[in-house]
Every structure is written in C-alpha cells, then in structure tokens.
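# Topology and contacts: notes
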Amino acid sequence: MDDTTAPAEKQMRLRYAGTCRICDAALPAKTEAVYERETKTIRCVTHDHDLPEPDLDVDIGEAGSSARREFERRKAGREKRIRDKHPKLGGLILALSDDPPSTTAWDTGAVVEERLGGRLNSLQSEACRVLHDRRIPESRANIDHLAVTTTGVYVIDAKRYSGRPRLRVEGGLLRPRVERLIVGRRDCTKLVDGVLKQVDVVRTVVGDQIPVHGVLCFVDADWPLIGGAFTTRDVQVLWPKRLQSTLTSPGDLDVHAIERVHRELASALPSA
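Anyway, here's the lowdown on the structure attached to this text. (Residues numbered from 1 in each chain as written. Predicted model: local features only at pLDDT ≥ 70, side-chain atom pairs only at ≥ 80, totals over all residues. Heavy atoms only, no water.)

## Some points on the overall build of the protein
Applicable threshold: Labels follow the DSSP assignment, with helices taken as runs of H or I lasting at least four residues and strands as runs of E lasting at least two, numbered in each case from the N terminus. Put simply, the radius of gyration uses C-alpha atoms, and a globule should come to 2.2 Å times the residue count raised to 0.38. Using a 1.4 Å probe on the protein chains alone, a residue whose accessible area is under 20% of its type maximum counts as buried, one over 50% counts as exposed, and one in between counts as partly exposed. Residues are treated as being in contact if the distance between any of their heavy atoms lies within 4.5 Å. Shrake-Rupley sampling with a 1.4 Å probe provides the accessible areas, and residues are treated as covered by the protein chains on show and by no other component. Think of it this way: Lys and Arg go in the positive column, Asp and Glu in the negative one, and His and the chain ends go nowhere. For charged residues, the charge sits on one atom: NZ in Lys, CZ in Arg, CG in Asp, CD in Glu.
Looking only at helices and strands, the protein features 7 helices and 14 strands. On C-alpha atoms alone, the protein measures out to a radius of gyration of 20 Å, which is about the 19 Å that the 2.2 N^0.38 rule sets for 272 residues. Dimensions of the protein along its principal axes, counting C-alpha atoms only, are 65 × 50 × 40 Å. Burial statistics for the protein: of 272 residues in total, 42% are counted as buried. Within the protein, counting contacts between residues at least 6 apart in sequence, those at least 24 apart form 59% of the total. Of the roughly 15900 Å² of accessible surface on the protein, 51% is carried by carbon and sulfur atoms. Each charge class in the protein was averaged separately, 43 positive and 41 negative side chains, and the resulting centres sit 8 Å apart.

## Details of the packing of helix α4 (residues 101–121) against helix α6 (residues 240–247)
Cut-off, in case you're wondering: Only C-alpha atoms enter the line fits that serve as axes; for helices the fit covers just the stretch in contact. Angles between N-to-C directions range over 0 to 180 degrees. If an angle is under 35 degrees, it is roughly parallel; if it is over 145, roughly antiparallel; if it lies from 65 to 115, roughly perpendicular; otherwise it is oblique. The handedness criterion is simple: a crossing whose near helix is rotated anticlockwise from the far helix by less than a right angle is left-handed, and one whose near helix is rotated clockwise is right-handed.
With their axes 11 Å apart at the nearest point, α4 and α6 run at an angle of 30° to one another. Here α4 is positioned roughly parallel relative to α6, judged by the angle of their axes. Like other packed secondary-structure pairs, α4 and α6 cross with a definite hand, here right-handed. Across from Leu116, Arg119 and Leu120 in α4, the residues of α6 making contact are Pro240, Lys241, Leu243, Gln244 and Leu247.

## Regarding the sheet that holds strand β10 (residues 178–183)
Stated formally: DSSP calls a pair of strands paired once it identifies at least 2 bridges connecting them.
Ordered by their spatial adjacency, 3 strands build an open sheet running β9-β10-β11, and the pairing between neighbours is antiparallel. Two strands lie at the open edges of the sheet, namely β9 (165–170) and β11 (186–187), each paired on one side alone.

## What to know about the layout of surface pockets
Which entries qualify depends on this criterion: Site definitions follow a grid-based scheme: protein atoms alone, a 1 Å grid, a 1.4 Å probe that fits but cannot get out for cavities, and for pockets an open set with protein on both sides within 12 Å along at least five of seven lines, plus lining residues having an atom within 4 Å of a point. Grid points are joined across faces, edges and corners, and a volume is the space filled by probe spheres set on the points. All residues other than Ala, Val, Leu, Ile, Met, Phe, Trp, Tyr, Cys, Pro, Asp, Glu, Lys and Arg, Gly among them, are scored as polar; the first ten of these are nonpolar and the last four charged.
Empty space within the largest pocket amounts to approximately 1000 Å³. Around the largest pocket sit 31 residues that line it, and Trp106, Ala141, Asn142, Asp144 and Lys159 are the ones nearest its centre. Tallied by class, residues from the lining of the largest pocket come to 11 nonpolar, 7 polar and 13 charged.

## Re the pairing of β10
Side chains on a regular strand alternate between the two faces of the sheet. Note: β9 against β10, 6 bridges, orientation antiparallel. When the bridges of β10 are listed, arginine 168 appears paired with arginine 180. Bridging between β10 and β11 involves 2 bridges; their strand directions are antiparallel. Bridge pairing in β11 places isoleucine 182 opposite aspartate 187. Counting the residues between successive antiparallel strands, the hairpin from β10 to β11 contains 2 residues, one of them, glycine 184, with a positive phi of roughly 65°.

## Notes on the nonpolar core
Nonpolar side chains in soluble globular proteins generally cluster together in the buried interior. How we decide: Within this scheme, the nonpolar core is defined by two criteria: the residues are buried Ala, Val, Leu, Ile, Met, Phe, Trp, Tyr or Cys, and they are joined through side-chain atoms within 4.5 Å.
Residues Val153, Val202, Phe218 and Leu265 are the most contacted members of the largest nonpolar core, which totals 52 residues. Considering each element in turn, this core owes the most residues, 6 residues, to helix α5 (residues 189–206). Every residue in contact with leucine 265, bar those within four places of it in the chain, is listed here: Leu131, Leu146, Val148, Val153, Val202, Val205 and Val206. Leu14, Ala33, Ile42 and Cys44 belong to the second-largest nonpolar core, a separate cluster that totals 6 residues.

Structure representation (structure tokens):
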C-alpha cells in the first residue's frame, strides 16, 4: 500500500519505545499505541476515548498547521530549484543533501506545536477551551495556542530549545534592573517580547476585565527535577506538564464567560 492510500493512522504494537504526543507518557516497546503517519508520532490508544466532543460552532484550528505548510512550501521550492538546475542529477543531489536549517526549523516548530496542541486538546472541557494557530490581523505572525480557563486567557508560545531555561537579572541599585531569559547559553529574551506583543493583541479582543496571561512553554528543555518554572515580565516560563496544572487551577470565571470569551477570540483571531 503506497502513501496515497495508506490510512492516516493505525493501531500497532510498538517495535521501539516512544512517547505519547498528547500526554508525554513513556510507551515501552511492545505497547499497543496509535501511529499517526502525517506527524510521524504516536499516542496512547486511550486518548481515542478520552477526548471530549468538539464544539462544531467554533473552529479551534489545527496546531502547527501554518508552520507545517511553510515547511512543505520551502521544501518543495528547494526541490524544484535543484531539479530545474540539474535535470539529470537533481534526484541524486536531493538524496545526498539535507534541507537547510532555515527550512527544517519550520518542521521542528510544527512538531512542537502539534505535540503541545495534542496535550491541550486532552484538557478540553467546559472549564478549559482551546484555540490553535491563530492569525494576528494585519500581521504575518500567529499565536501558537490560546486557552480560556476559569483563571483567564493564556497566550501560549511553544518552543523547543536545548539547555536549561533560567532567569538572569542584571542591574539593581545603581543601574536599571534588566531581566534576561537564558536557555542553555542562548539569550532568548526576545521570545518574551514576542509573547508580550501577543498578549496585547488578545487584550484588545477580551478587554480589561478578563485576565490575560503570557506563557512560554519549552518542550524537551533541560528542566530540573524540582522547581524550575519562573516568571519574567509577567510571562510564565514552564514545561508542558506544569502548564497542564496551571490551566486546570480553579478560578473565578464560570463556564458561560469561558464560552463567550472563547467565541470572541475564535472570531477575532481566525485560524492561520
């Protein structure tokens, strides 16, 4: 059976150990799991039954869809350029060379958003409604994920960086205090700036009466066994499991307010 006729997913006994893309549970070899061909990931078979019915009136979007499209566009463009320039050797050149980092970064971003999106989907209920890959009007940028819960709206940017996220504080008594987000050896402070801009966009939609929280969620980072999460300039920096506990914390918004805000955001920020 070729790729055009193969089913999008299949249940199988794992040959090798893996990780569920939804809940990050370790799945040992020989465990029954569902393999998803498009994303080349696996998930627990129980998630087929655990997910609530979607609200058909609201397009929640597909996590990572715009990043996936951009990756495919760049990949196809490179292949066409090489085949046009080297009609006879194009196939061999493509087989022996890799896509540039500027292209593979989009693939990595899509996978990270898909993984986190699956986990967020597993939380969906009347008290936690999500949206994925939302387009910001008059901008080329998009918001990876939004979650509307009893404690407000969460603007979630999913990232995959190696190293340990930490907060570096410079200045103080004699100089202005400056907070920097460091991941490994990289200064990632601009990521915080990006989330704050997205938070401002969401606030223009929901108003000042609904709390709006910025979140940077680092998937597969080197988090310590104890502690590790922190806040910089009102943006929470954490990992998927910590995000899950944050989104399920009790708050003051009732289910009617959550549904209203969810619909407002879905209308104002359409799927990318």
